[in-house]
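Read off the chains here:
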Amino acid sequence: MSLSYSCNGHICENLLVMDSFVRFLKEREQEQLIKILSFLFYIFRHDDLKEMLDSNKDSLKLEAMKRIVAMIARGKNASDLFPAVVKNVACKNIEVKKLVYVYLVRYAEEQQDLALLSISTFQRGLKDPNQLIRASALRVLSSIRVTIIVPIMMLAIKEAASDMSPYVRKTAAHAIPKLHSLDPEQKDQLIEVIEKLLADKTTLVAGSVVMAFEEVCPDRIDLIHKNYRKLCNLLIDVEEWGQVVIINMLTRYARTQFLNPNESLLEESSEKAFYASDDEEDEDKKAEVTTLEKRKPYVMDPDHRLLLRNTKPLLQSRNAAVVMAVAQLYFHLAPKAEVGIIAKALGMFEPYLKSFYIRSTDPTQIKILKLEVLTNLANEANISTILREFQTYIKSMDKDFVAASIQAIGRCATNIGEVRDTCLNGLVQLLSNRDELVVAESVVVIKKLLQMQPEQHSDIIKHMAKLIDNIQVPMARASILWLIGEYCEHVPKIAPDVLRKMAKSFTNEEDIVKLQIINLAAKLYLTNSKQTKLLTQYVLNLAKYDQNYDIRDRARFIRQLIVPTDKSGALNKYAKKLFLALKPAPVLESPFKDRDHFQLGSLSHLLNAKAAGYQELPDWPESAPDPSVRNVEVKDSVCAERTVLTGPEGAGVLLLQTTRGSSNILFHVLLHHSHSEQSSGAEDRKRGRKAVKNQKSASESESESESSESEDESEEESEEESESDTDVRKNKTIAPSGSIKMYELLHRITGEGLAVEYCFSRQPFSPDPNMVAVQIQFTNNTNSETKNLHIEDPRLQSGMRIREFAEIGLQPSESVTVVMGIDFCDSTQAANFQLCTHTRKFFVSIQPPVGELMTPTFLTENNFKKEQGERTSAHSRFNTHSCPTDCSFSSKHLSFFSSYVVVTPPPPPSAPVYRFAGKTVSSGCLVLVTVTTKEGGGAQLTVNCEKMVIGTMLVKDILQALSQ
Amino acid sequence: MIHSLFLISNAGDLFLEKHWKSVISRSVCDYFFEAREKAVEPDNVPPVIRTPHHYLINIYREKIFFVSVIQTEVPPLFVIEFLHRVAETFQDYFGECSETTIKDNVVIVYELLEEMLDNGFPLATESNILKELIRPPTILRSMVNTITGSSNVGETLPTGQLSTIPWRRAGVKYTSNEAYFDVVEEIDAILDKSGTAVFAEIQGVIDACVKLSGMPDLTLSFMNPRLLDDVSFHPCVRYKRWESERVISFIPPDGNFQLMSYHISAQNLVAIPVYVKQNISFFETGSSGRLDITVGPKQTMGKTLECLVVTVHMPKVVLSANLSATQGTYNYDPVTKILVWDIGKLNPQKLPNLKGSLSLQSGAPKPEENPSLNIDLKIQQLAISGLKVNRLDVYGEKYKPFKGVKYVTKAGKFQVRT
């Protein structure tokens, strides 16, 4: 690196120094010289970089940092540059700064003292107004693994956990496990922070804090209770990685909190069997009583259901880890009947059999897995197809795979009795395969199969006995010998001969083969001692002097057991029984069994060994823990129904118009004063209840509300009015009044005397509740009668509908009002149509402002919050916008959207929250508006609506209205 | 979670390392190299390797091994998905993900990795967010940067990070608004000796290139949505609309992205566009063999087959091939034992044929199994499943965008057994 910058003066100097050293050391030994040279090089090698870092130019610094980072990336040591680099931590250039951070995090652990120099910069960064800088300062600070700064980190994390910016809070969540691994003693304090962050309502934080929870205190499930429902509801909007972590955690949580949904089924069936017996009737009855007492019918906890319901759509995620997480959740938590839904996403069950057919180009581990699936799916119905498929696999060039295929055939044969013979025949054919490995594997599998019914297969045993001459694979030889020994009675002539051959080759055999030769000898000695006595003696003698002590021991033991001597006691009599006892046939098992106890899809499950940090999946509890722990207290539940509405005179209603004159969104700001906040709860409630009933009156009040600009006045009035109001709740809509803006449909001049105006009457359109009522006023300014006034040729966007008004006629200077309905499909697309008279046609169009697409609904605060939660979960993307700080929303206005006030909870004195609900006319989609005012005059507006567009436009319009 | 990442070339050169927690010596990769050697083929390296103190989870992509080091329990798929996301991000940034491009852009790579994980947990993986944090390199920009000294690093928090639409950045502006969709279907099939399909299914994706200003809300509908029953979506797609109306409603990310992928496995729906007549035989004596392959069109829906390539992985004993092709060129690589016959466009009047002899290693036994043939092909303007896009509606914005849909069918894992 330094050579490329040799033009640099510094380097030339260095070279000169080195040169003089070389001269000085000329007489020294070569080796030492080289050592010293390399040492010198080490000292000076990064001088050019240091100089660049010290320069004033950012571009030079950047270049130096880039080269240093490239060194780090390649794994080269750049630690000697630490002092030069750390100086630049406060560099103005953001890229230099970032690269310095990269360097710092990499080497801080090695250079703790120097690293401390940078801390103050980060502390400053933590206070920066730019959230990205605050966050990255915290990221780096918490990544510097220097114990001495633990208290500083702790403080920084605590502060960041209550930062305004969710991004900074997310970073705080990330920093928690870092600090925990640096100093586990901070655990208690960190748990407090986790608890705080778990209560965070933003999706950005949720995944990260659950991650921190899993690393720091995975056993503290009590922290989850209060956040459980929120996490379930947020889940769909959390980023993918967070989803995986949350789902895995919730799986564990659910296993501790809910009852096993499959338990009841099991017990039911056992009960039925129980009742089936007619004996012991008395006992039966007793049992009946006790079971009835004990067991209530299983009802799934609604929270359990919530989790299952909210995770299900994630099966459609593009991220395989998310799909797997949901699949394992269903596997571990769902009633058996519902587990099927994951099958399609994972392609796991029988209909998908063919998806597991193997291609020669699949990687080996995939082939083995597919083979495993195929074997598990095999049943009487499909076994012939599967076996045919297996036959092609046996011919593969991948020998590991062939071996696995042969084992798979063996497993199919043991599991499905019908095909055992077919399989066996197939495997016997493989015995003549050219490839020894194939033969060997077949022998091993055949041995296992034969054990199930040896009588019928003596010819196969004979065939295999012949193989012993050729086959060299030790495992296969051992298997054949064992077979012959075990079934020597089926091959009485061949067996002694095989023993003879083996005795000859004994010394050259592998250990496992030797052991089987001894076994064979012993068994033959017991059944056919006449022919084999000497051979056995010979083999046992050879074994006695074998190098392997296991073989020597075995020989000694067997000799004592089978050869009768004076000393050999009672066992001798039973030798035959001992050796030739009927042995149970082996069960051919999946290599993948025995890992059920691990959580599906975990690393531990894959490796079938517990990995560090694995959290056991707990068993279902016997009885359900108290579900109420998950209830979230609504601090102001008493006041939930308290609704402040304007009185009939609506003094407090202020009409706002958006800047776009055409799209007039009614925006009422109900004036609100501190007085009402202070008033007693009871009074508030009373007033509220009444107020709810008066929704209708709001409309009537509009004319006045418009005029009443004075805030203080209006408040008082509104209070009084609501008190005095009577029950008028039935009619929730707002009667058209002068205050409603009229739009021009047809100008008097273009209309040749016919003037048409329209307004949105905000009343339900009775013939079709999904339509927006449009009130049209025709005025005939001519001197002649206008006849046959009707609508023709509507040109509408797909889905939009129009309900025309009945044909009318107009006398000269008469004015007639009609109402028509338009289903705008909840869009602001214009409805175009022709207005026809008996003589003329006029093209006109009606375009609704977004606010006119909604009607009010009444929700209690609790319902509102619940809906809001569900809206979020229902995959709606709600927009969050911050109002400009100078907007009129500061602290005196209680806003009220499209004249539909729903709930105004008692605002906490500093930061009141206002909520409004409505629904779209066409599809009945809920629209929720929340305005959170902040200290210092700002306000945040949140609109939740499944219809993205509506939401976005509404936000735009409201903001515009407010900024006026 | 993810402790460290090592990038290792196919040749075994460890050319990049990145640690998100304390440094782990690169000697941990020795376990990987051991497994790599044992596996022979790079594809056969086990994805999870256990070492005494760590777990190595790796993927092999574009001739690079992405080897991550794990110390504690984590769903392996989580790591594998993440590694793929890293590779995709590189591809997105540098046009291709290769050893050379990574080495050339090592600083950006490092900056990206720094943003993508924090303490081993994913922080920002959305392309749109990353691009606001670290701008992708272009020639113009690097020139401007060298002159002005400005940098590739953004100074403010990307808007996507805070919104619930993290995949889209705010304030997107285009002079010409366009939205293009590519319906790409791949046929995965296994044909047996006689040419009948043992198994066939379609893996489809819809790739989108959406360059629209503002916050458009798109709705894509199909003529025959019933075809699709196993689908996965980009996070921007609203599941609910799909469930209830079978339309794809979404606010798109800016630029290129994969909107959805689907899977059609019903046998009767999968047309096999090509047939292969083949005869490969090895003789017992004389160390030779014969090969004769003819390719012809089957259910092509009247479209032309293009980019037809037949690949054969020959047994180890095949030393050379002396063949003649009536169309296209063939090449046999005696080292990898792969025979590639590049046919090109299929002419139904004159079917391409490859014929000739193979010479085997003398003395070696003749191969047990005949090699299977892998087919590559392409059909333009056709989605073999018959899937058709009905219309694309844009809501929320006033402009009328250019819209376009392109269909293409390819062979996926298309294998003919012999």
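Residues numbered from 1 in each chain as written. Chains lettered and ligands numbered in written order. Predicted model: local features only at pLDDT ≥ 70, side-chain atom pairs only at ≥ 80, totals over all residues. Heavy atoms only, no water.

- Under an unreviewed UniProt entry, the name given to chain B is AP-3 complex subunit mu-1-like, and the organism recorded is Sinocyclocheilus anshuiensis.
- Chain B has a UniProt comment under Sequence similarities (unreviewed entry) that states "Belongs to the adaptor complexes medium subunit family." (UniProt positions renumbered as here; feature names shortened; annotations may be inferred.)

- Identification of chain A as AP-3 complex subunit beta from Sinocyclocheilus anshuiensis is taken from an unreviewed UniProt entry.
- Regarding chain A, the UniProt comment filed under Sequence similarities (unreviewed entry) reads as follows: "Belongs to the adaptor complexes large subunit family."

1. As for the overall build of chain B
Right, on to step 1. Scanning chain B for helices and strands turns up eight helices and 23 strands.
Right, on to step 2. Looking at chain B as a whole, 57% of its 418 residues qualify as buried.
Right, on to step 3. Sequence-distant contacts, at least 24 apart, represent 68% of the contacts inside chain B between residues at least 6 apart. (Helix = DSSP H or I, 4+ residues; strand = E, 2+ residues; numbered from the N terminus. Buried < 20%, exposed > 50% of the residue type's maximum accessible area, 1.4 Å probe, protein only. Contact = heavy atoms within 4.5 Å.)

2. Concerning the overall build of chain A
Right, on to step 1. Summing up its helical and strand segments, chain A has 40 helices and 17 strands in all.
Right, on to step 2. A separation threshold of at least 6 residues defines the contact pool for chain A, and within that pool the share at least 24 residues apart is 67%.
Right, on to step 3. For chain A, the computed accessible surface area is about 43700 Å², with 52% contributed by carbon and sulfur atoms. (Areas by Shrake-Rupley, 256 points an atom, 1.4 Å probe, with all protein chains shown as cover.)

3. Comments concerning the nonpolar core
Right, on to step 1. Counting residues in each nonpolar core, the largest one holds 234 residues, and the members touching the most others are F66(B), F90(B) and L259(B).
Right, on to step 2. Residue contributions to this core peak at 10 residues, all from helix α2 (residues 76-94) of chain B.
Right, on to step 3. One finds I468(A), C488(A), F506(A) and I551(A) within the second-largest nonpolar core, a separate group that totals 87 residues. (Core = buried A, V, L, I, M, F, W, Y, C linked by side-chain atoms within 4.5 Å.)

4. Quick notes on the interface of chain A and chain B
Right, on to step 1. Listed by partner, the interface residues are 92 residues for chain A and 99 residues for chain B.
Right, on to step 2. Between chain A and chain B, the buried area comes to about 8400 Å², and carbon and sulfur atoms account for 57% of it.
Right, on to step 3. The largest per-residue losses of area from chain A upon contact with chain B belong to W241(A), Q316(A) and R359(A), which jointly make up 10% of the total buried on that side.
Right, on to step 4. Where chain A touches chain B, the interface holds eight salt bridges.
Right, on to step 5. Counting across the chain A and chain B interface gives 24 residue pairs in polar contact (both at pLDDT 80 or more). (Buried area = accessible area lost by both parts, 1.4 Å probe. Salt bridge = Lys/Arg side-chain N within 4 Å of Asp/Glu carboxyl O. Polar contact = N/O pair within 3.5 Å; in protein donor to acceptor, adjacent residues only side chain to side chain.)

5. Quick notes on the confidence of the model for chain B
Residues and elements named next belong to chain B.
Right, on to step 1. Confidence in the prediction for chain B averages 86 pLDDT; 93% of positions are at 70 or higher.
Right, on to step 2. By mean pLDDT, helix α6 (residues 139-148) is the weakest element of chain B at 62, and strand β5 (residues 64-70) is the strongest at 94.
Right, on to step 3. Across the predicted assembly, pTM comes out at 0.66 and ipTM at 0.85. (pLDDT = per-residue confidence, 0-100.)

6. Considering the sheet that holds strand β22 (residues 389-395) of chain B
All names here are of chain B.
Right, on to step 1. The strand order β12-β10-β22 describes an open sheet built from three strands, whose pairing is antiparallel. Looking at strand neighbours, the two that pair on one side only are β12 (247-250) and β22, the edges of this open sheet. Adjacent strand axes in the sheet meet at a mean angle of 15°, parallel and antiparallel pairs treated alike.
Right, on to step 2. The pairing of strand β10 (residues 217-222) with β12 spans four bridges and is antiparallel. From the neighbouring strand, T219 faces β12, where its bridge partner is S249. (Pairing = 2+ DSSP bridges. Axes fitted to C-alpha atoms, helices over the stretch in contact; angles between N-to-C directions.)

7. Topic: the packing of helix α25 (residues 436-450) of chain A against helix α27 (residues 474-486) of chain A
All names here are of chain A.
Right, on to step 1. It is the contact of α25 with α27, at a shortest axis distance of 8 Å, that shows an interaxial angle of 25°. It follows from the interaxial angle that α25 and α27 lie roughly parallel. Pair α25 / α27 crosses with left-handed handedness. Between α25 and α27, the contacting residues are A440, V443, V444, K447 and L450 on the first element and M475, A476, S479, I480, W482 and L483 on the second.
Right, on to step 2. Considering only residue class, the contact of α25 with α27 consists of nine nonpolar, one polar and one charged. (Parallel < 35°, antiparallel > 145°, perpendicular 65-115°, else oblique. Left-handed = near helix turned anticlockwise from the far one by under 90°. Nonpolar A, V, L, I, M, F, W, Y, C, P; charged D, E, K, R; others polar.)

8. Observations regarding the pairing of strand β14 (residues 274-282) of chain B
Residues and elements named next belong to chain B.
Right, on to step 1. Residues V274, V276, Q278, I280 and F282 line the buried face of β14, whereas the alternating positions Y275, K277, N279 and S281 sit on a face that is not buried.
Right, on to step 2. Taken together, the nine bridges between β14 and strand β15 (residues 288-297) define a ladder with antiparallel strand orientation. Across the sheet, the residue bridging to I280 is L291, located in β15.
Right, on to step 3. Where β14 folds back onto β15 in an antiparallel hairpin, the turn is made up of five residues, including G286, whose phi is positive at roughly 85°.

9. A closer look at unusual backbone geometry
Glycine aside, negative phi is the norm for most residues, and most peptide bonds take the trans geometry.
All names here are of chain B.
Right, on to step 1. A positive phi angle, near 50°, is found at E62, a position not held by glycine.
Right, on to step 2. The residue E62 is located in the loop between β4 (55-61) and β5 in this model.
Right, on to step 3. A positive phi angle, near 60°, is found at K337, a position not held by glycine.
Right, on to step 4. Its relative accessible area of 10% is what places K337 among the buried residues.

10. A few points about the packing of helix α22 (residues 383-394) of chain A against helix α23 (residues 399-415) of chain A
Residue and element names in this part refer to chain A.
Right, on to step 1. Orientation of α22 relative to α23, taken along the N-to-C sense of each, is 155°, at an axis distance of 9 Å. Looking at the two axes, α22 sits roughly antiparallel to α23. In the crossing of α22 with α23, the sense of the turn from one axis to the other is left-handed. When α22 is examined against α23, the residues I383, L387, F390, Y393 and I394 are found in contact with a partner set consisting of F401, V402, S405, A408, I409 and C412.
Right, on to step 2. For the contact of α22 with α23, the residue count by class is 10 nonpolar, one polar and no charged.

11. Observations regarding the sheet that holds β14(B)
To summarise the sheet geometry, strands pair through backbone hydrogen bonds and adopt either a parallel or an antiparallel arrangement.
Residue and element names in this part refer to chain B.
Right, on to step 1. What the four strands build is an open sheet, ordered β14-β15-β20-β17; its pairing is antiparallel. Only two strands of the sheet have a single neighbouring strand rather than two, namely β14 and β17 (318-325). This sheet shows a mean twist of 15° between the axes of neighbouring strands, independent of strand direction.
Right, on to step 2. Sheet topology note: the β17/strand β20 (residues 353-360) ladder contains seven bridges and is antiparallel. Across the sheet, L323 pairs through a bridge with G356, a residue of β20.

12. Describing the side chain of S213(B)
Residues and elements named next belong to chain B.
Right, on to step 1. Of note, S213 is situated in the loop between β9 (197-211) and β10.
Right, on to step 2. Exposure remark for S213: the relative accessible area of 10% places this residue in the buried category.
Right, on to step 3. Reaching out from S213, the side chain makes a polar contact with the backbone nitrogen of Y174 at a distance of 2.9 Å.

13. Examining the confidence of the model for chain A
When pLDDT is low, close inspection of the predicted coordinates is not appropriate.
All names here are of chain A.
Right, on to step 1. Model confidence for chain A is summarised by a mean pLDDT of 73, while 72% of its residues fall at 70 or above.
Right, on to step 2. A low-confidence stretch, residues 265-293 stays under pLDDT 50, and its non-local contacts, those more than four residues away or across chains, total nine contacts.
Right, on to step 3. Within the model, the stretch residues 635-738 combines pLDDT values under 50 with 238 contacts to residues more than four positions away or in other chains.

14. What to know about the packing of aromatic side chains
Residues and elements named next belong to chain A.
Right, on to step 1. Applying the stated rule across the entire model yields 25 aromatic pairs over all chains.
Right, on to step 2. With a centroid separation of 5.3 Å and 20° between ring planes, the pair formed by Y743 and Y758 is classed as stacked. Of the two residues, Y743 sits in strand β3 (residues 743-746) while Y758 sits in strand β4 (residues 754-764), which places them 15 residues apart along the sequence.
Right, on to step 3. Judged by its relative accessible area of 8%, Y743 is buried.
Right, on to step 4. Overall, the relative accessible area of 4% leaves Y758 in the buried class. (Phe/Tyr/Trp six-rings, centres within 6.5 Å; stacked < 30°, edge-to-face > 60°.)

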